[in-house]
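Observations on chain architecture
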Number of protein chains: 2
Amino acid sequence: MTPTTLDTLIQLLSRLPGLGPRSARRAALHLLKKREALMLPLAAAIEEAAHEVKACSECGNLDSVDPCSICRDARRDASQLCVVEEVGDLWALERAMAFKGRYHVLGGKLSALDGVGPEQLNLAGLLRRAADPAVKEVILALGATVEGQTTAHYLTDRLSNLPIQVTRLAHGVPVGGELDYLDDGTLTAALKARRPL
Amino acid sequence: MTPTTLDTLIQLLSRLPGLGPRSARRAALHLLKKREALMLPLAAAIEEAAHEVKACSECGNLDSVDPCSICRDARRDASQLCVVEEVGDLWALERAMAFKGRYHVLGGKLSALDGVGPEQLNLAGLLRRAADPAVKEVILALGATVEGQTTAHYLTDRLSNLPIQVTRLAHGVPVGGELDYLDDGTLTAALKARRPL
């Protein structure tokens with residue numbers, strides 16, 4: 001039996017992260033109920049994004065323009081460069097509206113297990129950009145995981161010969177978090193980095 | 001600020017059931033990483049399905065052909081008609097491979113709260129099909145909810161003048177279920193309908 005149009009659609013939808021076979025079927029039924037309002041616009045948006053969206057040759061962000069709208073924005077502080085693992089991390093920082101500098105997307109983190117070495121990351125671009133005299137600080141906004149921290153150490157080492165400050169995000173109690181639910185590592189870090197009121 | 005191609009894509013993806021804003025962003029990033037293998041095929045599949053898949057004029061199932069492949073299949077038992085609320089229910093029964101007759105999709109269930117009366121359901125089709133001399137039994141495979149049961153009572157009443165048997169799915173302990181976790185209604189129903197070993 002050859003798969004029908006519907007089978008193909010469900011199979012492809014089920015390959016999206018967050019959708020299993022069951023929710024892919026629900027999504028397909030939902031789409032078919034809203035053909036004009038959702039289904040056709042979604043098909044068009046996916047195709048348009050597939051052709052238009054590209055990685056920024058400067059920072060690695062995804063955008064329809066290259067350089068991306070953040071790299072183009074003259075109001076962004078060129079003295080701060082925030083290094084993130086993935087584009088999703090950049091988006092999270094942008095949503096928080098907490099950072100007004102520029103970004104650099106590594107495209108991953110060092111991981112011997114996954115075979116990711118320095119040559120698999122966008123490191124050459126970072127070294128080139130960090131050497132720009134305008135840059136005063138490189139903020140390593142990497143995950144607080146073993147691999148994230150390994151990457152941070154490696155980058156600190158590679159950037160040490162430049163006349164810039166290298167910083168990392170603070171560890172501590174997440175805002176809204178309850179102490180009772182926090183792991184020992186976070187509690188220890190939060191206590192160590194305590195601040196006067 | 002006008003939304004970018006990427007914003008539009010994420011916004012449309014987040015309208016799929018099972019995907020919130022966060023998972024829609026993850027899905028968009030995942031798609032952009034697999035443009036050739038997943039993104040473009042998905043856009044094509046959605047568009048093809050939007051144009052090709054239609055409701056079967058006989059039973060209401062969704063398929064690329066009309067009548068649908070189940071209604072066309074001469075090996076299916078024409079004497080049994082299984083009434084379901086939605087196409088998803090039909091698919092669930094097909095996956096279980098437990099039924100070899102034909103289906104009828106009502107397209108919903110009676111619900112005063114949601115303003116669904118008999119005229120909103122595919123009832124005329126059911127009465128016409130149930131009156132076919134080949135049909136001997138109508139199986140009401142409706143949800144064991146108040147609305148499902150209301151619909152079942154209403155259908156039983158409407159079908160009562162036909163020389164056919166009207167049955168419903170059994171209530172009881174779900175296969176693999178533990179008694180301890182079952183609600184009172186299910187336990188009572190399972191006990192009432194107990195069977196000799």
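Residues numbered from 1 in each chain as written. Chains lettered and ligands numbered in written order. Predicted model: local features only at pLDDT ≥ 70, side-chain atom pairs only at ≥ 80, totals over all residues. Heavy atoms only, no water.

What counts, and what does not: UniProt positions are given in the numbering used here, feature names are shortened, and annotations may be inferred rather than shown by experiment.
Named according to an unreviewed UniProt entry, chain A is Recombination protein RecR originating from Hypericibacter terrae. Taken verbatim from the UniProt record of chain A, the Sequence similarities (unreviewed entry) comment is "Belongs to the RecR family." What the UniProt record of chain A gives under Function (unreviewed entry) is the line "May play a role in DNA repair. It seems to be involved in an RecBC-independent recombinational process of DNA repair. It may act with RecF and RecO."

**Observations concerning the overall build of chain A**
Rules: Segments assigned H or I by DSSP are reported as helices when at least four residues long, segments assigned E as strands when at least two residues long, and all are numbered from the N terminus. Radius of gyration means the value over C-alpha atoms here, while the globule rule gives 2.2 Å times the residue count to the 0.38 power. Partly exposed describes any residue whose relative accessible area lies between the buried limit of under 20% and the exposed limit of over 50%, with all areas from a 1.4 Å probe on protein chains only and scaled to the type maximum. Any two residues whose heavy atoms approach within 4.5 Å at even a single point are treated as in contact. To measure how exposed things are, a 1.4 Å probe is used in the Shrake-Rupley method; for residues, cover is taken only from the protein chains shown. The charge count includes Lys and Arg as positive and Asp and Glu as negative, but it does not include His or the ends of the chains. By convention, charge coordinates are those of NZ in Lys, CZ in Arg, CG in Asp, or CD in Glu.
Looking only at helices and strands, chain A has eight helices and six strands in total. Listing the helices and strands of chain A from first to last along the sequence gives α-α-α-β-β-α-β-α-β-α-β-α-β-α. The C-alpha radius of gyration of chain A comes to 21 Å, more than 25% above the 16 Å expected for a compact globule of 197 residues. Considered along the principal axes of its C-alpha atoms, chain A spans approximately 65 × 45 × 35 Å. Across the 197 residues of chain A, 41% fall into the buried class. A sequence separation of at least 24 residues applies to 47% of the contacts in chain A between residues at least 6 apart. Carbon and sulfur atoms make up 56% of the accessible area of chain A, which amounts to about 11,200 Å² in all. Within chain A, one finds 23 positive and 24 negative side-chain charges whose respective centroids are separated by 4 Å.

**A few points about the packing of aromatic side chains**
Residues and elements named next belong to chain A. Note the following rule: Pairing of aromatic side chains here covers Phe, Tyr and the six-membered ring of Trp, requires ring centres within 6.5 Å, and sorts the geometry by plane angle: under 30 degrees stacked, over 60 edge-to-face, intermediate tilted.
Counting across every chain of the model gives two aromatic pairs over all chains. Centre to centre, the rings of Phe99 and Tyr103 are 5.2 Å apart; their planes meet at 65°, and the pair counts as edge-to-face. Comparing Phe99 with Tyr103, the two get one shared label, buried.

**Here's the deal with the domain arrangement of chain A**
Stated formally: In this document the domain limits rely on a domain assignment from an automatic tool or a database.
We note that the domain assignment places domain 1 (5–13 + 20–52) and domain 2 (75–168) within chain A. In this structure, domain 1 of chain A and domain 2 of chain A have C-alpha centres spaced 35 Å apart.

**Remarks on the sheet that holds strand S5 (residues 137–140) of chain B**
Residues and elements named next belong to chain B. Filter applied, for reference: The rule for pairing is simple: two strands pair if DSSP sees at least two bridges between them. In this analysis an axis means a line fitted to C-alpha atoms, helices contributing only their contacting stretch, and an angle means the value between N-to-C directions, from 0 to 180 degrees.
Reading across the sheet, the four strands line up as S4-S3-S5-S6 and stay open at both edges, with parallel pairing between neighbours. The open sheet has two free edges, formed respectively by strand S4 (101–105) and strand S6 (165–168), since each of these has just one partner strand. Direction aside, the axes of adjacent strands within the sheet are offset by 25° on average. Pairing of S5 with S6, which is carried by four bridges, proceeds in the parallel orientation.

**Focus on the sheet that holds strand S3 (residues 77–84) of chain A**
All names here are of chain A. With respect to topology, four strands assemble into an open sheet ordered S4-S3-S5-S6, the strand pairing being parallel. Because the sheet does not close on itself, it has two edges, and the strands there are strand S4 (101–105) and strand S6 (165–168). The sheet shows a mean angle of 25° between the axes of neighbouring strands, direction not considered. Note that S3 and strand S5 (residues 137–140) share four bridges and pair parallel.

**Regarding the interface of chain B and chain A**
Stated precisely, the cut-off is as follows: Values labelled buried area give the accessible surface lost by two parts on being combined, using a 1.4 Å probe and summing over both. A carboxyl oxygen of Asp or Glu within 4 Å of a side-chain nitrogen of Lys or Arg is what we treat as a salt bridge. Only Asp, Glu, Lys and Arg are considered charged in this grouping, and only Ala, Val, Leu, Ile, Met, Phe, Trp, Tyr, Cys and Pro are considered nonpolar; every other residue, Gly among them, is considered polar.
Counting residues at the interface gives 46 residues for chain B, matched by 45 residues for chain A. Here chain B packs against chain A, burying approximately 4,300 Å² in sum over the two surfaces, 73% of which is carbon and sulfur. By the criterion of area lost to chain A, the three top residues of chain B are Thr5(B), Pro17(B) and Ile46(B), representing 14% of everything that side buries. At the boundary of chain B with chain A, the tally comes to two salt bridges. Between Lys33(B) and Glu86(A) there is a salt bridge; the shortest N-O distance is 3.6 Å. Elements with a contribution of two residues or more to the side of chain B that touches chain A: helix H1 (5–13), helix H2 (21–33), helix H3 (35–52), strand S2 (62–63) and helix H5 (87–96) of chain B. Per-element accounting of the side of chain B that touches chain A gives the leading share, 16 residues, to H3(B). For the side of chain B that touches chain A, the residue count by class is 27 nonpolar, seven polar and 12 charged.

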